[in-house]
Amino acid sequence: MTKHIFVTGGVVSSLGKGLTSASVGMLLEQRGLRVRMQKLDPYINVDPGTMSPYQHGEVYVLDDGSETDLDLGHYERFTNSPLGRESNYTTGQIYLRVIEKERRGEYLGKTVQVVPHITNEIKNAILSLSGPDVDVAITELGGTIGDIEGLPFLEAIRQIPLEVGKENCLFIHLTLVPYLRAAREMKTKPTQHSVGQLREIGIQPDILVVRCERPMGQENLEKIAMFCNVEKRAVIEEVDKTLSIYEVPQGLVEHGLDKLIVEKLGINAGSLDMDEWWDMLRRIRNPEHEVTIAVVGKYIEHRDAYKSIYESLDHAGFSHSSRVIVKRIEAEELADQGPEVLLSGVDGILVPGGFGMRGIEGKIEAIRYARQCEIPFFGICLGMQCAVIEFARNVLEFKDANSSEFVDSTNHPVICLLEDQKTVTEKGGTMRLGAQPCVLDEDSLAAWCYGEKEVSERHRHRYEFNPEYKSQFEDAGMKISGTSPSGTLAEIVEIPDHPWFLAAQFHPEFKSKPLTPHPLFRGFVEAALKRHQSRVHVGL
Ligand code: GLN
């Protein structure tokens, strides 16, 4: 029998529900349980694929090509839960299903309503996670208690215990206890209100995870327990972690959260095995080296837009006992001020993915600087396309080289629309998406990093390296070191005559985990470290 855990959030958004849910998933897995994770998002977009990174942060792509919420990135980084289309539902998706059923006449003439039809569809989505191979399904509800659009989801999760048995369900509510500087006091009232609202809907949380910037003290804890009708030991304090998000599980273990969950759900679980994780935390806390990587992008002021890239850099750093300092550089500013001003002193340069023309010239300048000054360079998706354009303009001397995404009339469209994108008209879910095999040239930096001949990586793009230019690039020193199995699509390019210059059409950042950093990120950070050490050596 699959047990269900529901994670809701109150008081304010951005409390780290995703991280807490992922941490709970990990703790249960490390007690030998088989876990599935799921996120329900109350917004109306069918998926976040069409949303701006400013609105929504990064779009996280899964193997099966679904474009999902960035919390799924936390799930993959913390757990081994297999994720797919069923792992992320939005209001838009739920309504789409109901409306399609209605059009097919499946409701047999009934009036189709939020309750029960929408709520039933949500329940189906949740229950689709259960199965003989799943011990615990964790469903996180996006948004904050009190949001109008979240109500059908709350109603659906309220009904689940009636179907699967109260003893098989557990409600965890995440709240905030703010510290008011003027009053020099921590305030529990917002938490009381938020739990009050949940109880009005008919949900009594079993466990409260309380975010606070400093320990809240026994008195506040007792107050919360009494007013919220929750056992004292089930009020778990989660004090802000400033060093790393990977410290979150430790605090939860110290407060006995895994034991409490297992006990409340009546699960027979093994003992907790976190040795490798604790060992990693020790390395995070005591780094032996330091390295500075510039990330040159266009959504730079929005921390969540390149979330997985920043995480992957950290992971690579952990494996080299190294702290990675990220210098976030706005590409347009770089175009104005020049690379010498903004990039001097960095040990590596990364240009991430993106869409649209803004910032392109700054990214190309950064790549030129990396290539000419022999600074380790890593390009990802649009970052690879910019590397190809830069090489075409400055080495092949095709001065107007461009991507047809930006300038259709160029004489040298070195990046062009993928053949099967030419007939695509709809925007949602129509890019080249998800896991694709990539065959590596055995004598390449890529093969050296991976230690394999064939890999699988996740994609999200419409444009590609124009194959007509292949031999000109190769003759001039840019090698295509990874291709689709038929050899038609260029997936990786590199410059062998450079300390570390590699760019990939795919998104390696979606496959990096803290304990198993992605081989390309590991190789890139290692090269940056070498550069750093040699600079220190010569006193630069
Ligand atoms: N805009 C480019 C394309 O569609 C790159 C996409 C990306 O970086 N994810 O091909």
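Just so it is clear, the model here is predicted, and its values are computed rather than measured.

> Before we go on, may I ask you to explain the overall build of the protein in this structure?
Within the protein one finds 19 helices and 23 strands. In terms of overall size, the protein behaves like a compact globule, its C-alpha atoms giving a radius of gyration of 25 Å where 540 residues would be expected to give roughly 24 Å. Seen along its three principal axes, the alpha-carbon backbone of the protein occupies a region of about 70 × 65 × 45 Å. Every one of the 540 residues in the protein was classed for burial, and the buried ones make up 59%. Pairs at least 24 residues apart make up 75% of the contacts formed inside the protein by residues separated by at least 6 positions. With an accessible surface of roughly 22600 Å², the protein has 49% of that area assigned to carbon and sulfur atoms. Side chains of the protein carry 59 positive and 79 negative charges; the gap between the two charge centres is 5 Å.

> Please clarify how the site of the ligand should be interpreted in this entry.
Near the ligand, the surroundings consist of Gly-353, Gly-354, Phe-355, Cys-381, Leu-382, Gln-385, Glu-405, Arg-460, His-461, Arg-462, Tyr-463 and His-507. At 2.9 Å from an oxygen atom of the ligand is found a main-chain nitrogen or oxygen belonging to Tyr-463. For the ligand, whose unbound accessible area comes to 300 Å², protein coverage reaches 98%. The site holding the ligand turns out to be the second largest pocket. Every element with two or more residues in the shell around the ligand is listed here: helix H16 (382-394) and strand S19 (454-461).

> Just checking my understanding: could you explain a nonpolar patch on the surface for this structure?
A surface patch of nonpolar side chains, about 320 Å² in accessible area, is lined by Tyr-95, Ile-99, Val-114 and Val-115. Those elements giving two or more residues to the nonpolar patch turn out to be helix H4 (91-103) and helix H5 (114-127).

> How should I be thinking about the packing of helix H12 (residues 307-319) against helix H19 (residues 519-537) in this particular structure?
Packed helices, taken two at a time, are described by the angle between their axes plus the distance between the axes. Between H12 and H19, the shortest axis-to-axis distance is 8 Å and the interhelical angle comes to 65°. By the criterion of interaxial angle, the relationship of H12 to H19 is roughly perpendicular. Both H12 and H19 take part in a crossing whose hand is right-handed. Of H19, the residues touching H12 (which contributes Ile-309, Ser-312, Leu-313, Ala-316, Gly-317 and Ser-319) are Phe-521, Arg-522, Phe-524 and Val-525. Taken together, the residues of the contact of H12 with H19 break down into six nonpolar, three polar and one charged.

> Is there a simple way to explain the sheet that holds S19 in this structure?
Hydrogen bonds between backbone atoms are what pair the strands of a sheet, whose relative direction is either parallel or antiparallel. Across the sheet, nine strands lie side by side as S13-S12-S14-S15-S23-S22-S21-S18-S19; this open sheet has mixed pairing. Of all strands in the sheet, those with a lone pairing partner are strand S13 (322-330) and S19, marking the two edges. Between one strand axis and the next, the sheet turns by 30° as a mean value, whatever way the strands run. When strand S14 (residues 348-351) meets strand S15 (residues 377-380), the two strands line up parallel, connected through three bridges. Across the sheet, the residue bridging to Leu-350 is Phe-378, located in S15. Strands in contact with H16 are S14, S15, S19, strand S22 (490-494) and strand S23 (501-504); relative to S15, the strand with the most contacts, it is inclined by about 115°.

> Sorry, what's going on with empty space enclosed by the protein here?
Sizing a probe to match a water molecule and rolling it over the atoms shows the empty space that remains. What the rule picks out here adds up to one cavity of 30 Å³ or more. Approximately 50 Å³ is the volume found for the largest cavity. Lining of the largest cavity is provided by Thr-8, Gly-9, Leu-141, Gly-142, Gly-143, Thr-144, Ile-145, Asp-147, Gly-150 and Leu-154. Here the lining of the largest cavity is built from residues that sort into three nonpolar, six polar and one charged.

> Is there a simple way to explain the packing of aromatic side chains in this structure?
For any two aromatic rings, the description comes down to two numbers: the centre-to-centre distance and the angle of the planes. The tally for this structure, following the rule as stated, stands at 17 aromatic pairs. Geometrically, the ring pair formed by Phe-78 and Trp-277 is tilted, given 5.5 Å between the ring centres and 40° between the ring planes. Of the two residues, Phe-78 is situated in helix H3 (residues 71-78) and Trp-277 in helix H11 (residues 275-285); the sequence distance between them amounts to 199 residues. Taken individually, Phe-78 and Trp-277 each receive the classification buried, so the pair is uniform in this respect. Its end group placed over the ring of Tyr-179, Arg-214 keeps NZ or CZ at 3.6 Å from the ring centre.

> What am I meant to see in the environment of Ile-5 here?
Looking at the element boundaries, Ile-5 is found in strand S1 (residues 3-9). Overall, Ile-5 belongs to the buried group, its relative accessible area being 0%. Here the alpha-carbon distance between Ile-5 and Leu-170, two residues 165 residues apart in the chain, equals 4.8 Å.

> Would you mind going over the pairing of S13 with me for this structure?
As a general feature of sheets, a regular strand has side chains that alternate between the two faces. Relative to S13, strand S12 (residues 289-297) runs parallel, the two sharing nine bridges. Looking across to S13, one finds that Val-291 is bridged to Val-324. Chirality of the crossover, the property in question, places the unit of S12, H12 and S13 among those that are right-handed.

> Is there a simple way to think about the packing of helix H1 (residues 17-29) against H3 in this case?
Between H1 and H3, the shortest axis-to-axis distance is 9 Å and the interhelical angle comes to 25°. The orientation of H1 with respect to H3, classified from their angle, is roughly parallel. Once H1 is placed against H3, the crossing between them reads as right-handed. Across the interface between the two elements, Gly-18, Leu-19, Ser-21, Ala-22, Ser-23 and Met-26 of H1 pack against Asp-71, His-74, Tyr-75 and Phe-78 of H3. Here the contact of H1 with H3 is composed, by residue class, of five nonpolar, four polar and one charged.

> Help me understand the sheet that holds strand S7 (residues 169-176) in this model?
An order of S5-S2-S6-S1-S7-S10-S11 is seen for the seven strands of this open sheet, with the pairing classed as parallel. In this open sheet, the two edge strands, each paired with only one partner strand, are strand S5 (88-90) and strand S11 (235-239). Sheet twist, expressed as the mean angle between neighbouring strand axes with direction ignored, is 20°. Looking at chain direction, strand S10 (residues 207-212) and S11 are connected through five bridges and run parallel. Note on S11: the bridge partner recorded for Leu-208 is Val-235. Sheet contacts for helix H10 (residues 257-265): S1, S7, S10 and S11; angle to S7, the most-contacted strand, approximately 145°.

What counts, and where the lines are drawn
- Residues numbered from 1 in each chain as written.
- Predicted model: local features only at pLDDT ≥ 70, side-chain atom pairs only at ≥ 80, totals over all residues.
- Heavy atoms only, no water.
- Helix = DSSP H or I, 4+ residues; strand = E, 2+ residues; numbered from the N terminus.
- Rg over C-alpha atoms; globule rule 2.2 N^0.38 Å.
- Buried < 20%, exposed > 50% of the residue type's maximum accessible area, 1.4 Å probe, protein only.
- Contact = heavy atoms within 4.5 Å.
- Areas by Shrake-Rupley, 256 points an atom, 1.4 Å probe, with all protein chains shown as cover.
- Lys, Arg positive; Asp, Glu negative; His and termini not counted.
- Charge placed at Lys NZ, Arg CZ, Asp CG, Glu CD.
- Near = heavy atom within 4 Å.
- Polar contact = N/O pair within 3.5 Å; in protein donor to acceptor, adjacent residues only side chain to side chain.
- 1 Å grid on protein atoms, 1.4 Å probe; cavity = no way out; pocket = protein on both sides within 12 Å on 5 of 7 lines; lining within 4 Å.
- Sits in = over half its atoms within 2 Å of the grid points.
- Patch = residues over 30% accessible without salt bridge, like charges linked within 9 Å, V, L, I, M, F, W, Y side chains within 5 Å.
- Salt bridge = Lys/Arg side-chain N within 4 Å of Asp/Glu carboxyl O.
- Axes fitted to C-alpha atoms, helices over the stretch in contact; angles between N-to-C directions.
- Parallel < 35°, antiparallel > 145°, perpendicular 65-115°, else oblique.
- Left-handed = near helix turned anticlockwise from the far one by under 90°.
- Nonpolar A, V, L, I, M, F, W, Y, C, P; charged D, E, K, R; others polar.
- Pairing = 2+ DSSP bridges.
- Points joined across faces, edges and corners; volume = space filled by probe spheres on them.
- Phe/Tyr/Trp six-rings, centres within 6.5 Å; stacked < 30°, edge-to-face > 60°.
- Lys NZ or Arg CZ within 6 Å of the ring centre and 35° of its normal.
- Right-handed = clockwise from strand over helix to strand, strands pointing away.

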